[in-house]
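Coordinates in review
The lines below spell out each chain.
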Amino acid sequence: MIKLHDKHFKPFLSEQEILAAVKKVAAAVAADYKDETPIFVGILNGSFMFVSDFLKAYEHNCEVSFVRLSSYSGLSSTGIVETLIGVSDVIEGRSIIILEDVIDTGRTVKELVHMFTNSNVKEFKIATLFYKPSVYTGEYDIDYVGIEIPDKFIVGYGLDYNELGRNLKEVYQLNQNNMINLVLFGKPGAGKGTQANFLKEEYNLIHISTGDVFRYNIKNNTELGILAKSYMDKGDLVPDEVTINMLKDEVEKNPAASGFIFDGFPRTTAQAEALDNFLSTKDMRIDATIALDANDETLIQRLLERGKVSGRTDDQDENKIRNRFEEYNQKTAPLQEFYRKQGKFHAVNGIGKIEDITTRLGHVIDSLTVKK
Ligand code: AMP
């Protein structure tokens, strides 16, 4: 395991596996181009190691040049591709073969195709060492592929995480074993949102509140918001399918998160099962479900107080509040048993000073990280 900046990475591909893939690509290109002198164009910065080993394995006449584009900042693609330095050699009538370290969404490929289609090159091909077929959305075929890899964030052999890791001989992938994924559980008004705001800072987690996402959508009058509003106004739950899909989107927006706090989700057994299945496809799991316990009378007082400040209509009407409790008792309470069976259920006293409750939650979370 290695650490780059704030993240841990574990071994993914050995030097031998990488070099075997490089040689395979070089041999495939050589079979097509050995009778002419192609120009290989490396895409900086990530491809420099690949280009170097590729050229050593390519035993025929060739030329080499580099271009520099930029499409990454941090861990996720920003979607911006700009050409910083271009190919200056005379390329007219020549065969150009792009050497790329990794192709994922295909945005860089698109830019390259655009750059080269207007020039009078003889042929234009793309060779990549790593290729993520599950995320490639581009419309151009990739001509030569070294290794197909799943959608993992990788570093090493020229690839970086915020500029570190390029000098590694092997390729490493982001380690998710240190992830902490928590469900904050409890009735409306139990303090899930308040506590999540503290915990997310302390443990570097992404806070997803399904209620907040719905309210955001209502405010912006989206299709989802219009649909959710009719249920929320009455204090009913929004249908599972809608909520589950929304939750998945929120998780997928954060591919490199150190963990998540799920607040207000899951609220039904179907949602809990969907969450387990979804997380397992990503090599992730819920570590703990922590309930904030409080009695109904305290909660009603808190919600009515909150309603005066927040303006939330579902907090201002005692009947709506009681309906939300009813929904909770019928649909959400059974989840205690669901998580207890998995050995993941914890409860803390949700009454007291805010910072004392944070401390209680912290004890539970720290006991989980010690186990890891
Ligand atoms: P909250 O902010 O968590 O109290 O949620 C406010 C309202 O949003 C709830 O009363 C539901 O109508 C809706 N909602 C939030 N989360 C869910 C969920 N997981 N499933 C269904 N409805 C939800």
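Residues numbered from 1 in each chain as written. Predicted model: local features only at pLDDT ≥ 70, side-chain atom pairs only at ≥ 80, totals over all residues. Heavy atoms only, no water.

**Thoughts on the site of the ligand**
As a reminder of what qualifies: Definition of nearness: a residue and a molecule or strand are near each other if at least one heavy atom of the residue lies within 4 Å of the molecule or strand. Polar contact criterion, stated in full: a pair of N or O atoms within 3.5 Å, where within protein one must be able to donate a hydrogen and the other to accept it, and residues adjacent in sequence count only if both atoms are side-chain atoms. Each accessible area is a Shrake-Rupley result for a 1.4 Å probe, and residues are judged covered by the shown protein chains and nothing else. Space inside and on the surface of the protein is sampled on a 1 Å grid over the protein atoms alone, with a cavity defined as a set of points where a 1.4 Å probe fits but cannot get out and a pocket as an open set with protein on both sides within 12 Å along at least 5 of 7 lines; lining residues have an atom within 4 Å of a point. For a cavity or pocket, the test is whether more than half of a molecule's atoms lie within 2 Å of its grid points; if they do, the molecule sits there. Polar here means any residue other than Ala, Val, Leu, Ile, Met, Phe, Trp, Tyr, Cys and Pro, which are nonpolar, and Asp, Glu, Lys and Arg, which are charged; Gly is therefore polar.
As a matter of local geometry, the ligand sits amid 15 residues, with T210, R215, D236, G264 and R267 nearest to it. Contact between the ligand and R267: a nitrogen atom at 2.8 Å from a side-chain N or O atom of the residue. In this structure, a nitrogen atom belonging to the ligand sits 2.9 Å away from a side-chain N or O atom of Q271. Compared with its free state, where it exposes 480 Å², the ligand has 96% of that area covered by protein. According to the grid-proximity analysis, the pocket containing the ligand is the second largest pocket. Looking at the shell around the ligand, its residues break down into five nonpolar, five polar and five charged.

**Quick word on the sheet that holds strand β1 (residues 2–4)**
Short version of the rule: At least two bridges found by DSSP between two strands is the condition for calling them paired. Secondary structure follows DSSP: runs of H or I at least 4 residues long count as helices, runs of E at least 2 residues long count as strands, and numbering of each begins at the N terminus.
The sheet built from four strands is open, its strands ordered β1-β2-β10-β9 with antiparallel pairing. One side of each edge strand has no neighbouring strand; the edge strands of this open sheet are β1 and β9 (154–155). As paired strands, β9 and strand β10 (residues 171–174) are joined by two bridges and run antiparallel to one another. Paired with V155 across the two strands is Y172, which belongs to β10.

**Focus on the domain arrangement of the protein**
Heads up, the rule is: Residue ranges labeled as domains rest on an automatic or database domain assignment.
As far as domains go, the protein holds domain 1 (2–174) and domain 2 (180–371). With centres defined by C-alpha atoms, the gap from domain 1 to domain 2 works out at 43 Å.

**Here's the deal with the sheet that holds strand β14 (residues 288–293)**
Heads up, the rule is: Where helices are involved, their axes are fitted lines through C-alpha atoms of the stretch in contact, as for all axes, and angles between N-to-C directions lie from 0 to 180°.
Here five strands make up an open sheet; going across it, the order is β12-β13-β11-β14-β15 and the pairing parallel. The strands lining the two open edges of the sheet, one partner per strand, are β12 (206–209) and β15 (345–349). Within the sheet, the average angular offset between the axes of one strand and its neighbour, ignoring direction, is 20°. Strand direction decides the pairing type here: β12 and strand β13 (residues 259–263), joined by four bridges, are parallel. Bridged to S209 within β13 is D263.

**Let's talk about the layout of surface pockets**
We apply this condition: Grid points are joined across faces, edges and corners, and a volume is the space filled by probe spheres set on the points.
Here the second largest pocket defines a volume of roughly 890 Å³. The wall of the second largest pocket is formed by 44 residues, among which P188, K192, R267, R306 and R312 lie closest to the centre. Looking at the lining of the second largest pocket, the elements that each hand over two or more residues are β11 (180–185), α4 (192–203), α5 (210–219), α9 (296–310), α10 (318–332) and α12 (354–371). When the residues that make up the lining of the second largest pocket are grouped by side-chain class, the tally is 15 nonpolar, 17 polar and twelve charged.

**Structural notes on the nonpolar core**
Condition: For the purposes of this section, nonpolar cores are sets of buried Ala, Val, Leu, Ile, Met, Phe, Trp, Tyr and Cys residues that join through side-chain atoms within 4.5 Å. Remark: exposure states derive from per-residue accessible area (1.4 Å probe, protein chains only) relative to the maximum for the residue type, with buried under 20%, exposed over 50%, and partly exposed in between. Between two residues, a contact is recorded if the distance between any of their heavy atoms is within 4.5 Å.
Ranked by size, the top nonpolar core spans 28 residues in total, and within it V29, F50, F54, L99, L129, F130 and Y157 carry the most contacts. Among the elements of the structure, α1 (15–33), α2 (48–57), β6 (95–103), β7 (123–131) and β8 (144–148) are those that each provide at least two residues to this core. The greatest single-element share of this core, amounting to eight residues, is contributed by α1. What V29 contacts, discounting residues up to four positions off in sequence, is F40, F54, Y58, I97 and Y144.

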